[in-house]
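Each chain is listed here by its residues.
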Amino acid sequence: PMCQPQSRQVYPDGQLCLSDSPPDLPSEFSLAPPPGETVRVILLGRPAAVRQTRHLLHNLRYVEVSQWSPLIEIPDGRLVLSPDQGEQMSMLVKRL
């Protein structure tokens with residue numbers, strides 16, 4: 001569901017939508033990515049935390065909730081990431 005500006009909504013899964021204005025961004029920050037660039041954003045955690053983070057990124061106007069894949073189980077607790085040549089990674093662990 002789309003969060004309405006200046007509203008406090010609760011999504012069916014119990015998440016709260018707090019939408020005012022987007023956060024202030026540094027002046028050197030560009031909203032347009034370089035042409036042809038892609039980035040893979042991976043949320044890894046318990047289902048409720050993943051859903052909460054998807055809604056947070058929506059409220060920050062980073063991505064629509066509907067653009068995320070459904071939750072995917074990780075078979076046998078193993079996950080292998082295969083970067084393309086020259087790609088690097090940055091990781092953040094945030095306690096909710």
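Residues numbered from 1 in each chain as written. Predicted model: local features only at pLDDT ≥ 70, side-chain atom pairs only at ≥ 80, totals over all residues. Heavy atoms only, no water.

**Digging into the overall build of the protein chain**
Within the protein chain, the secondary structure is distributed over one helix and two strands. Across the 96 residues in the protein chain, those meeting the buried criterion constitute 17%. Counted over contacts in the protein chain with a minimum sequence separation of 6, partners at least 24 positions apart contribute 44%. Carbon and sulfur atoms make up 56% of the accessible area of the protein chain, which amounts to about 8,800 Å² in all. (Helix = DSSP H or I, 4+ residues; strand = E, 2+ residues; numbered from the N terminus. Buried < 20%, exposed > 50% of the residue type's maximum accessible area, 1.4 Å probe, protein only. Contact = heavy atoms within 4.5 Å. Areas by Shrake-Rupley, 256 points an atom, 1.4 Å probe, with all protein chains shown as cover.)

**A short note on the layout of surface pockets**
Volume-wise, the second largest pocket comes out at about 610 Å³. As for the second largest pocket, its lining consists of 21 residues, and the residues nearest its centre are Ile42, Leu43, Ser69, Pro70 and Ile72. Grouping the constituent residues of the lining of the second largest pocket by class yields 15 nonpolar, three polar and three charged. (1 Å grid on protein atoms, 1.4 Å probe; cavity = no way out; pocket = protein on both sides within 12 Å on 5 of 7 lines; lining within 4 Å. Points joined across faces, edges and corners; volume = space filled by probe spheres on them. Nonpolar A, V, L, I, M, F, W, Y, C, P; charged D, E, K, R; others polar.)

**Focus on the environment of Glu87**
Position of Glu87 among the secondary structure elements: in the segment after helix H1 (47-59). Residue classification places Glu87 among the partly exposed residues on the basis of a relative accessible area of 33%. Sequence separation between Glu87 and Val39 is 48 residues; the distance between their C-alpha atoms is 9.6 Å. There is a polar contact of 2.8 Å between the side chain of Glu87 and the backbone nitrogen of Asp84. (Polar contact = N/O pair within 3.5 Å; in protein donor to acceptor, adjacent residues only side chain to side chain.)

**A word on the pattern of salt bridges**
By the definition in use, this model includes two salt bridges. The salt bridge partner of Arg40 is Glu87, with a shortest N-O separation of 2.3 Å. With Arg40 in the loop between strand S2 (16-19) and H1 and Glu87 in the segment after H1, this residue pair connects regions lying 47 residues apart in the sequence. The partner of Asp76 in a salt bridge is Arg78, and the shortest N-O contact between them spans 3.5 Å. Residue class for Arg78 comes out exposed when judged on its relative accessible area of 59%. (Salt bridge = Lys/Arg side-chain N within 4 Å of Asp/Glu carboxyl O.)

**Section: the confidence of the model for the protein chain**
Of the residues in the protein chain, 65% have a pLDDT of 70 or more, and the chain-wide mean is 77. For the protein chain, strand S1 (residues 7-10) is the element with the lowest average pLDDT, namely 50, and H1 is the one with the highest, namely 93. (pLDDT = per-residue confidence, 0-100.)

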